[in-house]
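Residues per chain, in single letters:
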Amino acid sequence: MAKEFKKGMLKRILILAVVIIFLFCADGVRVFYLQTIRSNELASKAQSQQLSDTEVSAMRGTIYDSEGNVLAQSATVWNVFVDPGNIDDEKERTLVVDNLSKMLKFDEKQKAEFLEKTRKKTRYAVIAKKIENDIKEEIAAFSAKNKLGDVIGYEQTTRRYYPHNSLASSVIGFTGDDNQGLTGIESYYEKDLRGTNGRIVTVKDANSNKLPTDYETSIDAVDGNSLVLTINQTIQYYLEKGLRTTMEEYKAKGAYGIVMDCNTGAILGMSSMPDYDCNDPYKITYRKTKKELKKIKKKKEKNEAKSLAIQNQWRNFTVSDTYVPGSVFKTFMASAALEENVVNLDTSYTCTGGIQVQQYFMHCHYHAGHGTQNLTQGLENSCNPFFITIGQKLGVHNYFKYFDAFGFTQKTGIDLPGEAASQYYKEDQYGIVELSSASFGQTNSLTPIQVACGLSAIANGGVLLKPYIVSEIKDANGNTVKKTQKKEIKRVISEETSEKVRTMMKAVVDEGTGKNGYVAGYRVGGKTGTSTKLGESKKGERTKYIVSFAAIAPADDPRVAMLIIMDEPNEDLGGGALCAPIAAQVIEQAMPVLNVEPKYDDEETKNLSITTPNVLGSSTSGAKSTIESKGLKVKIVGTGKTVLNQSPASGNNIPTNGTVVLYTEKGEKEKVKVPDFTGLTVSEANSAAADANLNIEISGNDLSASNVVAYRQSTDKGTEVDIGSVITVSFKNTNSVLD
């Protein structure tokens, strides 16, 4: 019995030993598995439970215009989060949700989503992103008052602001929710602007609460570099104003413009309309587009159309699209032909309204024919047959040599995203028909920035330059990291040829199709252009056009080259009527900015305004005599004998034959509403001004011609001003050609 008991015990001990050994082996295998195979995973989990790793956003670099005005900047904002695990009960949950929803201006749906987040089994739930500091402070005060520091938390981040909303939007671009540049300069210079984010690492206790800052490690964020653009805010403003006004008036598909410093390659202004608000880039801005979208009833179709419209207003046509330049190209043909000595300024041609080229009869825009004209007159009249003969004299090889030399076969390399490549016939693809068509600006498609660079080469004495939009990059401390230098690509034409073509372009504005580009004192050179959008017009619809105007100023010593384009206006008006007035307005504002003094010829001097004399305190008879001696008229208000006030005030400009209003009694100056001068002839505008007791200063060229009407005024209609105030009214000739 004892023997059997002993044997049984031995068996039990053996089994127990085997079990213990097995368990030890299993534990050993488990430890090996955890420490080797799953070591990284478990270490990461432990670290996440023990450490709080918070990213600190770097401040994105500021974007300035050429004068130091801020165009884009970042500011500190806050993300607000809650820790549902530290909410004690339903009463505290309601307190948090109700009050924060009110401060954050949540609607009922947002409030319900917030409540749902507080019920989740998580220690971190973001409830609002990028809120302003005043709201964050309001929440912080509420949190402190109710001792909710372990429930409500904040994370510092940044938000991008654009102080001027849509100004230069197609150039600047915008950023996404993660502060990454999505379009424009913001995208192209992303690496320079974004900086390097920092981190704050904090130890947490067993309940996932942060321990004191003694256990905190931080890595400072490195702010991004800032950019100084070549864009001038004043020039950009007037460029956009002119483009937008004309686009809306003529319900065009788009309007585009480039203003370039022809001596450096710096872009002073660049715009593509319709544009957008950089602070709200998904909002449709163009009224015509809004109306078109309203007409679409099907939801899917409307959403697709809206998406296309948004992408269109983001697009920078001047860089990312091509167009057929039309007769603006004749400036390059004239340059090439003069340089190769196949024509001179005395070369003549008799235009009969068209020219036969093999089986094709190619019309002049003036079907009656221009008659006999020299080279300058041919450019003034934008005569197609004349330039077809010039192209044929030049020949395919020389034509293509200059087409390439002006930079039309390659991208310009401008520092903006999405630059398109031109679409052109290669040298071996030209026959006599293709060469003839190309000679007056058809056949090939170029980008507006390529054309602007070519114009700059004509303007600056013959050198093709690389265009650029960023002049300087600075670090967060204001130190210059990089400065853009002028880059000459090649000499295209001689200075002598440049001077001849500039003189011809001035004649286009003085006597030809570009008269609306005239600006007193600044000797503008220009060239109008039209291109037919073949294949885009539906049956029964009017033909679609792109019309344009190229300008250089001053023509005898150029500082700027400019290209203005109107895409599919709703009336058959050319670049001379639609685009040249915009160029004139921009030049008028740009020249003073560039410190270019006006130089008036004898005729212009006769029409200059004069300075209003100071007659305050004088007797009415003495004041009247002084004013009339200046060639001005007088209107006396009151029965007193002494002048107590006057309008215009002394020192202000007033046109010759203008009227100075004298007040001889105390009191407020008389007011009058400014009339709408738009569409009036010169005589009608003078009458309207006289009826309103206002002075008008008339601006424009060829004012005695028929079809000259007012299109712009310095003070908006309906504005209340003092009687006697001076309103500048600009006139243009609407007798336009589609050349």
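Heads up: these notes are all about the structure in this document. (Residues numbered from 1 in each chain as written. Predicted model: local features only at pLDDT ≥ 70, side-chain atom pairs only at ≥ 80, totals over all residues. Heavy atoms only, no water.)

### With respect to a nonpolar patch on the surface
Now for step 1: Nonpolar side chains collect at one region of the surface, where L16, I20 and F24 lie side by side and expose about 320 Å² of accessible area between them.
Now for step 2: Structurally, I20 can be placed in helix α1 (residues 2-37). (Patch = residues over 30% accessible without salt bridge, like charges linked within 9 Å, V, L, I, M, F, W, Y side chains within 5 Å. Areas by Shrake-Rupley, 256 points an atom, 1.4 Å probe, with all protein chains shown as cover. Salt bridge = Lys/Arg side-chain N within 4 Å of Asp/Glu carboxyl O. Helix = DSSP H or I, 4+ residues; strand = E, 2+ residues; numbered from the N terminus.)

### Here's the deal with the side chain of Q236
Now for step 1: Residue placement: Q236 occurs in helix α9 (residues 233-249).
Now for step 2: A distance of 2.8 Å separates a polar atom in the side chain of Q236 from the backbone oxygen of M270.
Now for step 3: Aside from chain neighbours lying at most four places away, what touches Q236 is L167, A168, I231, L268, G269, M270 and S271. (Polar contact = N/O pair within 3.5 Å; in protein donor to acceptor, adjacent residues only side chain to side chain. Contact = heavy atoms within 4.5 Å.)

### Overview of a positive patch on the surface
Now for step 1: Taken together, the side chains of K251, K283, K290, K291, K294 and K295 present a region of like positive charge at the surface.
Now for step 2: Relative to the assigned elements, K283 resides in the loop between β10 (267-273) and α10 (287-295). (Lys, Arg positive; Asp, Glu negative; His and termini not counted. Charge placed at Lys NZ, Arg CZ, Asp CG, Glu CD.)

### Remarks on the packing of aromatic side chains
Now for step 1: As enumerated under the stated definition, the model contains 25 aromatic pairs in all.
Now for step 2: For the ring pair Y237 and Y238, a centre distance of 4.9 Å and an interplane angle of 85 degrees mean the geometry is edge-to-face.
Now for step 3: Between the aromatic rings of Y399 and Y430, the centroid separation amounts to 5.4 Å while the plane-to-plane angle is 65 degrees, which identifies the pairing as edge-to-face. Placement of Y399 in helix α15 (residues 384-405) and of Y430 in the loop between α15 and α16 (432-439) is noted, with a sequence separation of 31 residues between them. This pair shows no difference in class: Y399 is buried, exactly as Y430 is. (Phe/Tyr/Trp six-rings, centres within 6.5 Å; stacked < 30°, edge-to-face > 60°. Buried < 20%, exposed > 50% of the residue type's maximum accessible area, 1.4 Å probe, protein only.)

### Comments concerning the environment of T264
Now for step 1: Among the secondary structure elements, T264 is positioned in the loop between β9 (254-261) and β10.
Now for step 2: Judged by its relative accessible area of 23%, T264 falls in the partly exposed class.
Now for step 3: In the structure, T264 is positioned 221 residues away from Q485 in sequence and 8.4 Å away in space, judged by C-alpha atoms.
Now for step 4: Discounting chain neighbours no more than four positions away, the residues touching T264 are L465, K466, Y468 and K486.

### Concerning the packing of helix α13 (residues 330-339) against helix α18 (residues 495-511)
Now for step 1: Contact geometry for α13 and α18: axes closest at 10 Å, N-to-C directions at 140 degrees. The orientation of α13 relative to α18 falls into the category oblique. Helix-helix and strand crossings are classified by hand; for α13 and α18 the assignment is right-handed. Within the contact between the two elements, α13 uses T331, A334, S335, L338 and E339 and α18 uses T497, K500, V501, M504 and M505.
Now for step 2: When grouped by side-chain class, the residues that make up the contact of α13 with α18 number five nonpolar, three polar and two charged. (Axes fitted to C-alpha atoms, helices over the stretch in contact; angles between N-to-C directions. Parallel < 35°, antiparallel > 145°, perpendicular 65-115°, else oblique. Left-handed = near helix turned anticlockwise from the far one by under 90°. Nonpolar A, V, L, I, M, F, W, Y, C, P; charged D, E, K, R; others polar.)

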